[in-house]
Amino acid sequence: MSGKERPWGYRENLHGKNPDWELHPDTESIRAGLSRSGFGETGEALYLSSGFTYSSAEEAVASFADETDHFLYSRFHNPTVAMFEKRLAALEGAELCAATGSGMSAMFTSIACLVSQGDHVVASASMFSSCYVVLSEFLPKWGVTVEFVTGSEKSDWEKALSRPTKAVFIETPSNPMLEIVDIAMVSELAHKVGATVIVDNVMASPILQKPLQHGADVVMYSATKHIDGQGRVLGGAILGSADYINNHFQPFARHTGPNLSAFNAWVLLKSLETIGMRVERMNSNAQAVAEFLASHSKVSAVNYPGLKSHRGYEINARQMSGGGTTLSFEVKGGQSALFAVMNALKVIDISNNLGDSKSLITHPASTTHRRLAPELRAELGINDSLARLSVGLEHSTDLIKDLEQALK
Ligand SMILES: *Cc1c(COP(=O)(O)O)cnc(C)c1O
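Residues numbered from 1 in each chain as written. Predicted model: local features only at pLDDT ≥ 70, side-chain atom pairs only at ≥ 80, totals over all residues. Heavy atoms only, no water.

Turning our attention to the domain arrangement of the protein chain. You can read the domains of the protein chain as domain 1 (25-270) and domain 2 (275-407). For domain 1 versus domain 2, the separation of C-alpha centres amounts to 27 Å. Residue-level contacts link 36 residues of domain 1 with 39 residues of domain 2. Here domain 1 packs against domain 2, burying approximately 3200 Å² in sum over the two surfaces, 60% of which is carbon and sulfur. Linking domain 1 to domain 2 there are three salt bridges. Inspection of the region where domain 1 meets domain 2 yields 18 residue pairs in polar contact (both at pLDDT 80 or more). Looking at the side of domain 1 that touches domain 2, the elements that each hand over two or more residues are helix H5 (129-141), helix H8 (205-208) and helix H9 (224-228). Of the residues assigned to the side of domain 1 that touches domain 2, the class counts are 19 nonpolar, twelve polar and five charged. (Domains from an automatic or database assignment. Contact = heavy atoms within 4.5 Å. Buried area = accessible area lost by both parts, 1.4 Å probe. Salt bridge = Lys/Arg side-chain N within 4 Å of Asp/Glu carboxyl O. Polar contact = N/O pair within 3.5 Å; in protein donor to acceptor, adjacent residues only side chain to side chain. Helix = DSSP H or I, 4+ residues; strand = E, 2+ residues; numbered from the N terminus. Nonpolar A, V, L, I, M, F, W, Y, C, P; charged D, E, K, R; others polar.)

Another aspect to go through is the pattern of salt bridges. A complete count under the given rule lists nine salt bridges for this structure. Across the salt bridge formed by glutamate 44 and lysine 270, the nearest N and O atoms sit 3.0 Å from each other. Of this pair, glutamate 44 sits in the loop between helix H1 (25-31) and helix H2 (57-65) while lysine 270 sits in helix H11 (residues 262-272), and the two are 226 residues apart along the sequence. A relative accessible area of 6% means that glutamate 44 is categorised as buried. Residue lysine 270 is classed as partly exposed on the basis of its relative accessible area of 33%. Between glutamate 137 and arginine 371 there is a salt bridge, with the nearest N and O atoms lying 2.9 Å from each other. (Buried < 20%, exposed > 50% of the residue type's maximum accessible area, 1.4 Å probe, protein only.)

A cis amide bond links threonine 172 to the next residue, proline 173, at an omega of -10°. In this fold, proline 173 is placed in the loop between strand E4 (167-171) and helix H7 (183-192). A cis amide bond, omega 5°, links asparagine 175 with the succeeding residue proline 176. The phi dihedral of leucine 178 is positive, around 60°, even though this residue is not glycine. Structurally, the position occupied by leucine 178 is in the loop between E4 and H7. One non-glycine residue with positive phi stands out, namely serine 205, at about 80°.

Written as C-alpha cells, this is what we have:
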C-alpha cells in the first residue's frame, strides 16, 4: 500500500459525533478505533477471517488498485487488527500504528524495512537480549555494520554519530539494568546524520513515556508486556509517521508477514481499556518496593530510575512520568544467596516475563541474558547476584512482606 494513507479513520467509534476537543489518553484508550458493525455491538467485534469477498470482479480490481476502502486479506489488514492499531496510535499520539505478532517481529521489521547492505546502525548496548542478537549477529551477516555505544555517554553517541547513519536503536529504561538514554539528545545527534531513531519503549509503556514527543521517529512495543499485561497473548506494534509506516514498513511487511492475529488483536484491544490504571498502579507499587529494597541490609544494590540514587534519575524525570514497573537488585552473598531468596518467595512468581499483573522475578544471567558472552554480561553489569523484578498489581504491602520474609 505504498504511498497511501491507511484506511478507516480514527473516529468511527463516535458515529460522526466527533468531539471538537482533544480527548484525554484515558478516553482514547477506551474509545479510539472502535468500528461498529451494523449490529451496534458494545464490545469490539472479532473478525476471524483470513480473506474478504467482493460483490463483482470489477470491485476486486478497484479494491486492489485502491485499498483505502476494502479489506483484501488478513496478512495485509484485518478489521479487528485495524481497531487495535488505531486505538494504540491514538494513545501514543502517533500518525499510524502497525501491529505485529510479537515484540521481536516489531523490532526486527522496524529496522529490516530500512537498511540495505553497507548501511550503518548505532545502538545502545544495554538492551533485551534478542534485540541484541538481531543487531549483533543477523544484521552484520547481511552487510550492515552495527556499532554499540554506552547509552548514557553523550561522547560515545557523538563519536558514533559523526558519520552517515541509517538507524539508531535505543531501549530506555533498559532491560534488566534500567539504564536511561536521553531520547532528545540522541535524536538531535542522529537527525544531523540522517538516521531514523527507533525506541524500544517496552519497559516504559505508552502510559509512562512518549518517545515521539522527545524527538524519536519510531516507537516499538512488545504488546506481550504491559499492553496485554495479563499473561495471555504475544503481540507487538510499531508506531511512527504515515511516511515511515506506509513507505517503509508496509512494502516490506506485507510480503514478509509479521502481522498480528485477529484473535490476539481482540484480546489486546480490551487490554488497552485498562492499561492506564494498571500501569499507574504497577508504577507506584514498584516505587514502594524499590524504596524498601534500597533500605534493606541484605540488598547491596537497587537499579530503579525512580530512586534519586539512580544515575539516570534526572534525565528519566524529564522524559518519563515515573520510574516504571520493573527494577533490578543485587543481594549480598552471590547467586546462591539470591536463589535462596527467590525460592523462599510465597507471592512473587519466578518467571522471565514482565509487565504482568502478577509480580515476577527472574535471574537474567542464567535465563533471559544467558546467551550473551560472559564478558559482555560483566560489562553491562548483569552479574550472578542480580535479580530482575517486574512489579505487578498485588497490594504493595504484600509484595514488601513477601520480600522481607524471603530475605530473612
Ligand atoms: C519482551 C521484550 C521484547 C520482545 O517481545 P516479545 O513479545 O517477547 O517478542 C523486546 N524488547 C523488550 C524490552 C522486551 O522486554
